[in-house]
Amino acid sequence: MSEIEYKEIHEFTKEDLQDLFLSVEWSSGHFPEKLQIAMRNFETVISAWDGDKLVGMICAMDDGIMTAYVHYLLVRPEYQDKGIGKELVLRVKEIYKDYLRIVVVGYDEEIGFYENCGFEKADDASPLFITDLWT
């Protein structure tokens with residue numbers, strides 16, 4: 001692994017997005033055209049690259065002043081546990097440092113990672129979804 005380069009860009013090839021999302025078995029990877037549009041529409045997209053290989057990304061949306069929502073955070077399995085995910089979160093936290101709240105939905109096996117990044121699990125709230133995705 002060479003040095004990881006971080007970019008704030010919104011344009012990606014369908015192949016890069018599909019490859020990254022399917023590497024972590026996210027069903028949204030089966031809709032690369034929709035992912036391309038989503039990336040253009042997110043307020044914040046930070047991607048991690050090993051040369052010309054997309055190895056991770058974080059995407060967030062916000063209301064412009066108070067609350068930001070991290071929608072995607074993913075890192076290819078072979079690049080996990082190398083600090084890439086944490087660096088992506090740190091960059092988002094810096095962008096939204098003046099906001100009152102940054103929200104992320106973390107699945108049970110991810111809670112420890114997010115807590116290590118400074119997030120706190122709510123005792124009185126649970127995420128709710130309406131979805132056609134299967135992961």
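As the structure is a prediction and not an experimental result, all values here were calculated from the model. (Residues numbered from 1 in each chain as written. Predicted model: local features only at pLDDT ≥ 70, side-chain atom pairs only at ≥ 80, totals over all residues. Heavy atoms only, no water.)

(A) View of the packing of aromatic side chains. All told, the structure shown has 8 aromatic pairs when counted by the stated rule. For the ring pair Phe 42 and Tyr 72, a centre distance of 5.9 Å and an interplane angle of 70° mean the geometry is edge-to-face. Linking Phe 42 in the loop between α2 (32-41) and β2 (44-50) with Tyr 72 in strand β4 (residues 67-75), this pair joins segments that are 30 residues apart in sequence. Accessibility assignment for this pair places Phe 42 and Tyr 72 in one class, buried. Pairing Tyr 96 with Tyr 99 gives two aromatic rings, centres 4.8 Å apart and planes at 85°, and the pair type is edge-to-face. We classify Tyr 96 as buried; its relative accessible area is 2%. Assessed through its relative accessible area of 18%, Tyr 99 is described here as buried. (Phe/Tyr/Trp six-rings, centres within 6.5 Å; stacked < 30°, edge-to-face > 60°. Helix = DSSP H or I, 4+ residues; strand = E, 2+ residues; numbered from the N terminus. Buried < 20%, exposed > 50% of the residue type's maximum accessible area, 1.4 Å probe, protein only.)

(B) Looking closely at the sheet that holds β2. Strand order in this open sheet of 5 strands is β1-β2-β3-β4-β5, and the pairing throughout is mixed. Of all the strands in the sheet, just β1 (5-7) and β5 (101-104) have a single pairing partner and so form its edges. Each neighbouring strand pair of the sheet contributes to a mean axis angle of 20°, computed without reference to strand direction. Sheet topology note: the β1/β2 ladder contains 3 bridges and is antiparallel. Pairing of Lys 7 across the sheet is with Ser 47, part of β2. Its contacts with the sheet put helix α1 (residues 14-23) on β2, β3 (53-62) and β4, and the angle it makes with β3 is roughly 90°. (Pairing = 2+ DSSP bridges. Axes fitted to C-alpha atoms, helices over the stretch in contact; angles between N-to-C directions. Contact = heavy atoms within 4.5 Å.)

(C) Local environment of the pairing of β3. The element β3 is extensively covered by neighbouring structure, given that 7 of its 10 residues are classed as buried. Here β2 hands over to β3 after 2 residues, with Gly 51 in that stretch at a positive phi of 65°. By the bridge criterion, 7 bridges tie β3 to β4 in an arrangement that is antiparallel. The residue of β4 that forms the bridge with Met 61 is Tyr 69.

(D) Summary view of the pairing of β2. Judged by how many residues are buried, β2 sits mostly within the fold: 7 of 7 residues are covered. Residues Thr 44, Ile 46, Ala 48 and Asp 50 line one face of β2 and the alternating positions Val 45, Ser 47 and Trp 49 line the opposite face, and both faces are buried. Bridge count for β2 against β3 is 7 bridges, and the pairing is antiparallel. Looking at the pairing, Trp 49 lines up with Leu 54 of β3.

(E) Spatial organisation of a nonpolar patch on the surface. Taken together, the side chains of Phe 31, Leu 133 and Trp 134 define a hydrophobic patch exposed on the protein surface, amounting to about 310 Å² of accessible area. Structurally, Trp 134 is set in the segment after α4 (111-116). (Patch = residues over 30% accessible without salt bridge, like charges linked within 9 Å, V, L, I, M, F, W, Y side chains within 5 Å. Areas by Shrake-Rupley, 256 points an atom, 1.4 Å probe, with all protein chains shown as cover. Salt bridge = Lys/Arg side-chain N within 4 Å of Asp/Glu carboxyl O.)

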